[in-house]
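The primary structure of each chain is shown beneath.
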Amino acid sequence: MHTILDPSLVNDDGLTEQAQDKTAPQGMLFFHAKEGQPLSTPWQVATARSAMLKMCDLPKGLIVDCACGSGLQLAAHASILQRPALGIELSPQRAQASAKNMQIVARQLKAESKPWFKESRILAGDGTDAPGALEVLRGHIDAPVALLHLDPARPRNSRTHGLDEMQPSLDDVFAAWTPYFAEHPRGPALLLDLSPRLTTVQRNKVEALVDNIWPGLGRTWVWTSRGRGRVDRLALWLGAASSEGVARRFVRIPPRLGDEPLVLSTALESDEETFPKLNIYPPKRGEYVSILDAALLESGLVSTWLEGVSKEGMGRWASVDGRRPQLHHDHPLQPVKRNDNLLIQATGKVVALIREPLSDQSIDGLVEIALEHNMKSLTLRLNMDPADQPKWQGSLDRQLSRRHGERDGFVAQHPSGDVLLLCVCHSES
Ligand SMILES: C[S@@+](CC[C@H](N)C(=O)[O-])C[C@H]1O[C@@H](n2cnc3c(N)ncnc32)[C@H](O)[C@@H]1O
């Protein structure tokens, strides 16, 4: 049985967890319940996604989120698409938090009299009981589903990110909601917000579940990153919500609120086609080394991005996994858009090959070589014992700041053998 909540009438009695979302404008404090905050979609990600959804040709009808948690994604969809929304949440306290958060968003936007807000509802109950939910809503909402959003709960300490761990499960949700979608020539619109760590095999299984109900439904996989080389969200946009001819998309959310995300798209589907292959050559002075964003590689969009910023395309990959994917190339990268720089951890020209590994003893020698190349700073960009990193980086910073170098540089490790690459940052080289 579902309990109905009206976001324009709900109060915050009993809700105690309230926090400023770090990615939302100052003063936008959202409620959470039963430790729902870590599960909730950051406001900046939620709004960027809703803005992209606005560009899709969705049928008329309702936005439904059948496991809406604290309701942040739901409120973003409803306010940006200007459509009434229905959120369903198993936990009654989180359902109340969802309704309250939608009210907070509507107040912030001065939209309390808008139809999207007045007609939206939250239900406390089971999101897989679609007939039950629609029965309770009879007389309040009577529209087909324009988009079904699903961000299922997952165990926090999951190692496998198995599909069977998702609550509610994809197949239960698909089976329950199939009869209620609005008609659209490209099929029903769904947005599945899945674990960022799904393997290729698991992604294929998700696709098989979709094909089982809607054979051949259009699909676009979307990797979203907020930086630090991590994929924060992996979502599958389906049917009317997918983009024709786009199998994969990478979205880099910028650090500054209000800036446009960087979006890359490709029609290429398979991981074999899109993931770079190692192509290790001995390092040489005068070539360029770039350490790129690991999330960009994971999304399979790195070759698409390189087409825009490099004359050579894929170049020579010295490392393709881990936190510091390393590309060697003969011409400098030429970022076109301001956000292109967000995908470059470091780029520069190799000015020296150092065959002595880093140690307490070798740091002073490194300073001398850096000074020969007129450097004023040198950043260590290689794997090392976490206890050594601050010690050696601190020593480099102190010693170089006392001298009169002018250029910035970095040190990377070539994967074959113990060669360190001393590079001058590209803007200086
Ligand atoms: C990852 S959270 C959703 C977060 C949400 N996208 C947000 O922005 O706040 C998933 C939610 O699904 C709820 N849930 C799990 N099984 C459910 C079911 N059968 N029906 C409705 N909600 C369910 C959990 O209680 C949890 O709050």
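Residues numbered from 1 in each chain as written. Predicted model: local features only at pLDDT ≥ 70, side-chain atom pairs only at ≥ 80, totals over all residues.

Caption draft 1: Quick look at the domain arrangement of the protein. For the protein, the assigned domains read domain 1 (3–268) and domain 2 (288–428). Between the C-alpha centres of domain 1 and domain 2 the distance comes to 39 Å. Taken together, the contact between domain 1 and domain 2 spans 13 residues of the former and 15 residues of the latter. Every element with two or more residues in the side of domain 1 that touches domain 2 is listed here: β9 (219–225), β11 (248–252) and β12 (262–266). (Domains from an automatic or database assignment. Contact = placed C-beta atoms within 7 Å. Helix = DSSP H or I, 4+ residues; strand = E, 2+ residues; numbered from the N terminus.)

Caption draft 2: How the structure looks around the packing of helix α11 (residues 363–372) against helix α12 (residues 388–401). One can describe the packing of α11 onto α12 by two numbers: an axis separation of 10 Å at closest approach and a directional angle of 40°. By the angle between their axes, α11 is oblique relative to α12. Every pair of crossing elements has a handedness; the one defined by α11 and α12 is right-handed. The segment α11 lies against α12, with Ile363, Val367 and Ala370 engaging Trp392, Ser395, Leu396, Gln399 and Leu400. Residue classes in the contact of α11 with α12 are distributed as 6 nonpolar, 2 polar and no charged. (Axes fitted to C-alpha atoms, helices over the stretch in contact; angles between N-to-C directions. Parallel < 35°, antiparallel > 145°, perpendicular 65-115°, else oblique. Left-handed = near helix turned anticlockwise from the far one by under 90°. Nonpolar A, V, L, I, M, F, W, Y, C, P; charged D, E, K, R; others polar.)

Caption draft 3: Representation of the site of the ligand within the structure. Taken together, 24 residues sit near the ligand, with Ser40, Thr41, Ala67, Gly69 and Gly127 positioned nearest. Elements that contribute at least two residues to the shell around the ligand include exactly α2 (72–81) and β5 (85–89). Residues belonging to the shell around the ligand are distributed by class as follows: 9 nonpolar, 11 polar and 4 charged. (Near = placed C-beta within 6 Å.)

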